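Tertiary structure, described
Here are the chains, one letter per residue:
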Amino acid sequence: MSPLVLLTDLARMLPSLFFPLMGVLFVGGFSPSSFLWAAFGVVGSIGYAVVRWVTFTFRVAGDRLEITRSLVSRSVRTIPLHRVRGVDVTTPPLHRLFGLAVVRIDTGAGGGDKQEGELDGLPFAEAGRLREVLLRRSRAARHDADPAAAAGGVGAAGATGATARADLEDMAGTTGTAGAGGTAGAAASGSVPGAWPAPMATPVSEPEQVYARVPWRWLLYGPLSGAFLFTPFALLGGAVGLAFQWGNEFGLSERAAIGVGEWLWHRPLLLVAVAIALVLAMPVAGAVMYAVFNWHFTLSRRGSSLVAERGLITRRSVALEHARIRGYEIADGVLERRVKIVRLWAIVTGLGDSRTRGQLLPVAPRDFAVRVAAEAIGPFGAALRPHPPKALQRRLFRAVAPGAAVAVVAFLLGWVVVGVVAVVVAALGVPLGLDRYRSLGHAYDGARLAVRSGSLPRSQAVVERRAVVGWTLRQTWFQRRSRVLTVIAGVGAGSGGYAAIDTGEEQGVRFAAEVTPDWITPFTAER
């Protein structure tokens, strides 16, 4: 690791040291001895960071990555390369200032968004090179373990053992250990401390095909995304929580906080003005947050990996091995659907946190997203098939019945206001139910199957046929009365299963038999 990482460690330690050091100075009455003890604390923290840096090493040894820590007791974490699912390269602001990056290795072992290995403080260019080496070597390890499976999944893009050995030799002396090796690697690759690095560098041997670059005008889509739209309210809630958490440190007691709340409560006009200001700030905050997270978003293919890069303050690069991608999901909300924009992410085997790490596009025009998905993963050429009218009845009943039931009970109890509100909610359920029915659909084009459902959030999954590992045909008592059922395609990727909801009984069985006739046909013989 580069020694410059010590500067980033010190900057991250300063906030946590502030209050203890101030406490020492206050207790000591700002005497010379208190300053001496405070300086001793700072020096001790720096010494701890130096020792931790010196005793941290890593190396790629054969078919495994070894990460060694020997600060107090020696520990060695071994990651078999055939288990590597993805490698992320992230550059937080301080790291970018010093030309450094953080490499996170995902093996899919812990689930969620947890990575099994993290290398913090590699020179920027070396981080990109290490990622390529790990992914190539991972393919080579799987090829050695199961040549037939690897040949089928990777094809010509798979790395051979000789290629992997060449990669390891190329990396020798630059990323193998902490300290001088990492620094030499930075100098050799032209990573200059203090420079503002360009987007992730790629080895010359890896051809690059760019599928998408997000233009500036797409910042206007930020206010239409619910994830960013409520940012002002989230910031206000965070500020209130922080005030309660650290209030005592600044002399703000709980009684004072309650007093402020009572003062605001007796000034409703001020509360209304604050609420209006927050609402007016929503579109601006949405555009700003869209820019912060998706600045210079680029999706490209490098060798046998799809690489998505994004971020203004913290730059993140996620590499997804193409052989592990089994399909994609397209999602949109009500506002997004009105202006024909969607979000796109990949369905990948063994990938935790797929909604974040598998993101292929931020909010983007639907036609553009469909084209990118077809080019990067594969086209889908079949029209979605509608579901039977009984599915419409079920959608309408579910959307209208709760509000109607509450309205009846409220009017019987004499709660007129509650009853009127419930009637309005029930009436709004009619367009909601109709939209949910229009969203239902399923199809198969001979290579990929698709299912779609939802309304407020609507999503369509397109999955390769080879990814299907089983079927679940589910039918509740209410579905049996309506002669519909839900067909779930079991997939060893993404969420694990994708459902065609409320298909006709024969329609759902035919759909499963069309995709995997050898599995279903023996059970559908005519009586």
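Conventions adopted
- Residues numbered from 1 in each chain as written.
- Predicted model: local features only at pLDDT ≥ 70, side-chain atom pairs only at ≥ 80, totals over all residues.
- Heavy atoms only, no water.
- Helix = DSSP H or I, 4+ residues; strand = E, 2+ residues; numbered from the N terminus.
- Buried < 20%, exposed > 50% of the residue type's maximum accessible area, 1.4 Å probe, protein only.
- Areas by Shrake-Rupley, 256 points an atom, 1.4 Å probe, with all protein chains shown as cover.
- Polar contact = N/O pair within 3.5 Å; in protein donor to acceptor, adjacent residues only side chain to side chain.
- Contact = heavy atoms within 4.5 Å.
- Pairing = 2+ DSSP bridges.
- Axes fitted to C-alpha atoms, helices over the stretch in contact; angles between N-to-C directions.
- Salt bridge = Lys/Arg side-chain N within 4 Å of Asp/Glu carboxyl O.
- Core = buried A, V, L, I, M, F, W, Y, C linked by side-chain atoms within 4.5 Å.
- Arc of directions from axis to C-beta.

When helices and strands are counted, the chain shows 19 helices and 19 strands. Out of the 527 residues in the chain, the part that is buried amounts to 44%. Accessible surface computed for the chain: about 26,800 Å², of which carbon and sulfur atoms make up 66%.

Let us now look at the side chain of H387. Position of H387 among the secondary structure elements: in the loop between α14 (366-376) and α15 (389-412). For H387, a relative accessible area of 4% puts it in the buried group. Engagement of the side chain of H387 in a polar contact is seen with the backbone oxygen of D502, the distance being 3.3 Å. Other than its neighbours up to four places away in sequence, H387 contacts Y437, L440, G441, H442, A500, I501, D502, T503 and Q507.

Note: strands within a sheet are paired through backbone hydrogen bonds, in either parallel or antiparallel orientation. Spatially, the 3 strands line up as an open sheet ordered β17-β18-β19, and their pairing is antiparallel. Only two strands of the sheet have a single partner each, and these edge strands are β17 (468-474) and β19 (497-504). Neighbour-to-neighbour, the strand axes of the sheet open up by a mean angle of 20 degrees, direction not taken into account. Relative to β19, strand β18 (residues 484-491) is paired through 6 bridges, and the arrangement is antiparallel. From the neighbouring strand, G490 faces β19, where its bridge partner is G497. Strands β18 and β19 of the sheet are contacted by α15, whose axis makes an angle of about 105 degrees with β19.

Inspection of the entire model under this criterion finds 23 salt bridges. With its nearest N and O atoms 3.0 Å apart, the salt bridge here joins R366 to D332. Here D332 lies in strand β11 (residues 325-333) and R366 lies in helix α14, a separation of 34 residues in the sequence. A salt bridge links R395 to D502; the nearest nitrogen and oxygen atoms lie 2.7 Å apart. Residue R395 is found in helix α15, and its partner D502 is found in strand β19; the two are separated by 107 residues along the sequence. Each member of the pair, R395 as well as D502, is classed as buried. When salt bridges with common partners are traced through the structure, they connect D332, R337, R366, D435, R438 and R458 into a single cluster.

Moving on to the sheet that holds strand β9 (residues 305-310). If you trace the 7 strands from one edge of the open sheet to the other, you get β6-β5-β4-β10-β9-β8-β7, paired in antiparallel fashion. The strands lining the two open edges of the sheet, one partner per strand, are β6 (117-123) and β7 (208-213). Strand-to-strand twist across the sheet, computed as the mean angle between neighbouring axes with direction ignored, equals 20 degrees. The pairing of strand β4 (residues 86-91) with strand β5 (residues 100-106) spans 5 bridges and is antiparallel. Each residue of the ladder has a partner; that of T90, found in β5, is V102. Strands β7, β8 (298-302) and β9 of the sheet are contacted by α14, whose axis makes an angle of about 165 degrees with β7.

Across the 7 residues that make up β6, a large majority, 6, are buried. Across 6 bridges, the pairing between β5 and β6 is antiparallel. Note on β6: the bridge partner recorded for V102 is D120.

Below, the discussion takes up the nonpolar core. Grouped together as the largest cluster of nonpolar side chains are 34 residues, with contacts concentrated most on L299, Y328, L344, L360, L361, V372 and I377. Among the secondary structure elements, those contributing two or more residues to this core are β7, β9, β10 (315-321), β11, β12 (341-348), β13 (359-365) and α14. When residues no more than four places from it in sequence are discounted, the contact partners of L361 are A212, F297, R343, L344, F368, A369 and V372. One finds M1, V5, A101 and L130 within the second-largest nonpolar core, a separate group that totals 26 residues.

Buried within α14 we find F368, A369, V372, A373 and A376. Along the long axis of α14, the arc covered by the buried residues comes to 135 degrees, so they all point the same way. Structurally, α14 contributes buried residues whose contacts are with β7, β8, β9, β11, β12 and β13. Directly after α14, the chain includes G378, whose backbone phi takes a positive value near 160 degrees.

A few words on unusual backbone geometry. With a phi angle near 50 degrees, H296 is a residue other than glycine that sits in the positive phi range. With respect to the helices and strands, the residue H296 is situated in the loop between α11 (268-294) and β8. Note on H296: relative accessible area 36%, which makes it partly exposed. Even without being glycine, K340 reaches a positive phi, approximately 60 degrees. Counting through the fold element by element, K340 comes out in the loop between α12 (334-338) and β12.

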